[in-house]
Amino acid sequence: MAIQPRTLKGFRDTLPQDMKPRRAMLQTIEGTFARHGFAPLDTPALEYAEILTGKYGDEGDKLLYRFADHGERQVALRYDLTVPLARVVAQHRGALPSPLRRYHIASVWRADKPQRGRFREFMQCDVDIVGATGPLADAEVLSTGLSVLADLGVTGACIHLNHRGLLSALLSHAGIAEPRMQLHALRAVDKWDKVGEPGVRRELAKIDDLPAGAPDRLLQALETVADTPEATLDALEALLGEVTAIDRLREVLALLAAAGHAGGVTIDPTIARGLDYYTGVIYETRLTDAKVANMGAVMSGGRYDELIGMFGKEQVPAVGISLGLDRLLAALRELGLVAEASQGADAFVTVFNAAGRLDAMAVAAELRAAGVATEVATLEGKLGKQFKRADRRGCKVALVVGPDDRDAGQVVVKDLRRGAQHKVARGELAAAVSDILRQG
RNA sequence: GUGGGUGUAGCUCAGUCGGUAGAGCACUGGUUUGUGGUACCAGAAGUCGCGGGUUCAAGCCCCGUCACCCACCCCA
């Protein structure tokens, strides 16, 4: 009985042709993180379930992959990289610098129902600053995120910036005080970008016992959007009075502008964020192209000053941002912005006949020593077949060492893209091949 | 968890009024054996997701089921 080859729902194989652009993205991201002064950290995929539960809210808890291991321990796959970081900080406080700037690039798992741009296993790229409460840390993290997008060549992206304190002020302004009502109201508000003002109004109408006039006051405030982020904040302040959250947002905007990131950020009071642990600034990044605008956020995060304290006696402030690599890649692919990379080697060494195997291996070794990505024909047979194979997989140069060539101490170097070929002495082989490759 | 859509060759899909299977790409071989891309010829490849029902006859109609996709919810 044959075993049917298949993958779990929401889990995917990444084939070589897809790995190349993915690796390139990862390399860029890691470089940008390092350039912004973040150091790498890694943690286990599996945690004690109690570490993770209760940190993300009810919705999050439902999406945790959890099970009992062989020793009957309750364990869970990490749901994000933030809670594991909080655990690490609480556990290794003495061994870590403060403030801690770490980046973490790793897979996370969520038992979500898969859909477009949503997977059960996906890679997150996080930077966080632990141990600093001020606006500089917020701005550093956001600045790094914006730099990453720029370095990846993502143009149509916008960070929607908000603050939990601003949301609270909005809710009290609207007269919504009871926690359950606040939760529902926030949930309604969060849908703004999808259903618009009428939709949010409809959602608000569903909440029991909402004070009369609350929806109007809330919606009026939410529509306070001016031409510039700064003007939006001014308008909100005029409506709500003095709110420390507004001052904080103003500072962050100024700091980002000083870093050259003035564009790319907007104030959006409808950003709510479902994750429970956020306490200060919060943000989501959306792609502006309509084709992928509904794919959801590609880079989000915020300040979480009370999460680490849940693991110990010490309250440690932190702020971070998380880029969803797989979703971003999927979106860029849909927009046709991912180059279909040729896969594999640049040079292909043919094997003339059984006696020529030794020559092929020797030639390949020379090229590899010179840094040329080289493949030896592992399926022998007619030369024509081998050339065809070399061409199919996008090799740029083919090498032939026939009996005559060997006697003459030469190698045939063929430029597959132009069709030209010539014989070179063995000693000049690497130079000749590099020459062709350099012609692009 | 709720709603919608789709399941036919490795991939993308066509398949009319029900009459038991097709294309393109990919793959293999060939067009006289030291040369690929283009062209031409040939070949291999399908329990039509699975189970049941209606019918002389089902890829097509009906019921069930599973899987995948999309949307809601939530999120990266």
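Nothing here was measured: the structure is a model prediction, and the numbers come from that model.

Criteria and thresholds
- Residues numbered from 1 in each chain as written.
- Chains lettered and ligands numbered in written order.
- Predicted model: local features only at pLDDT ≥ 70, side-chain atom pairs only at ≥ 80, totals over all residues.
- Heavy atoms only, no water.
- Helix = DSSP H or I, 4+ residues; strand = E, 2+ residues; numbered from the N terminus.
- Expected span 1.5 Å × (residues − 1).
- Buried < 20%, exposed > 50% of the residue type's maximum accessible area, 1.4 Å probe, protein only.
- Arc of directions from axis to C-beta.
- Contact = heavy atoms within 4.5 Å.
- Near = heavy atom within 4 Å.
- Polar contact = N/O pair within 3.5 Å; in protein donor to acceptor, adjacent residues only side chain to side chain.
- Core = buried A, V, L, I, M, F, W, Y, C linked by side-chain atoms within 4.5 Å.
- Domains from an automatic or database assignment.
- Pairing = 2+ DSSP bridges.

Participant: How would you explain helix α10 (residues 229–240) if you had to name every residue and give the values?
Facilitator: With 12 residues, α10 extends 16 Å from end C-alpha to end C-alpha; this agrees with the ideal 16 Å at 1.5 Å per step. Of all the positions in α10, only Pro 229, Thr 232, Leu 233, Leu 236 and Leu 240 are classed as buried. Each buried residue of α10 sits inside an arc of 100 degrees when the element is viewed along its axis, so together they form one side. Residues of α10 that are buried sit in contact with α6 (164–173), α9 (214–222), α11 (244–258) and β8 (265–267).

Participant: Any chance you could break down the protein's contact with RNA strand B for me, citing the residues and the numbers?
Facilitator: Around RNA strand B sit 44 residues in total, of which Arg 110, Arg 118, Arg 187, Gly 274 and Ala 297 are the nearest. Note that a sugar or linking oxygen of RNA strand B is positioned 2.4 Å from one of the side-chain N or O atoms of Arg 110. Within the contact set of RNA strand B, a base oxygen lies 2.8 Å away from a side-chain nitrogen or oxygen of Lys 113. Contributing elements (two or more residues each) for the surface near RNA strand B: β6 (121–130), α7 (179–190), β10 (299–303), α14 (383–392), α15 (403–408) and β15 (410–415).

Participant: Quick one: what's the story with the nonpolar core, residue by residue and with numbers?
Facilitator: Grouped together as the largest cluster of nonpolar side chains are 104 residues, with contacts concentrated most on Leu 161, Leu 170, Ile 176, Leu 204, Leu 218, Tyr 283 and Leu 328. Per element, the largest residue contribution to this core is eight residues, and it comes from helix α5 (residues 135–152). Listed in part, the 25 residues of the second largest apolar core include Ala 347, Val 376, Ala 377 and Ala 390.

Participant: I'd love a proper account of the domain arrangement of chain A, names of residues and values included.
Facilitator: When the domains of chain A are assigned, the result is domain 1 (16–334) and domain 2 (347–438). One C-alpha centre belongs to domain 1, the other to domain 2, and the line joining them spans 52 Å.

Participant: Pulling in residues and values, what's your account of the side chain of Asp 128?
Facilitator: Relative to the helices and strands, Asp 128 resides in strand β6. In this structure the side chain of Asp 128 is engaged in a polar contact, spanning 2.8 Å, whose partner is the side chain of Arg 102. A polar side-chain atom of Asp 128 sits 2.5 Å from a polar atom in the side chain of Tyr 304. What Asp 128 contacts, discounting residues up to four positions off in sequence, is Phe 38, Leu 85, Leu 100, Arg 101, Arg 102, Tyr 304, Val 319, Gly 320 and Ile 321.

Participant: Could you give an account of the pairing of β10, with specific residues and numbers?
Facilitator: Most of β10 sits out of view: five of its five residues are buried. On β10, burial covers both faces: Met 299, Gly 301 and Arg 303 on one face and Ser 300 and Gly 302 on the other are all buried. Two elements, β10 and strand β11 (residues 318–324), share five bridges in a ladder whose sense is antiparallel. Considered in β11, the bridge of Gly 301 is made with Ile 321.

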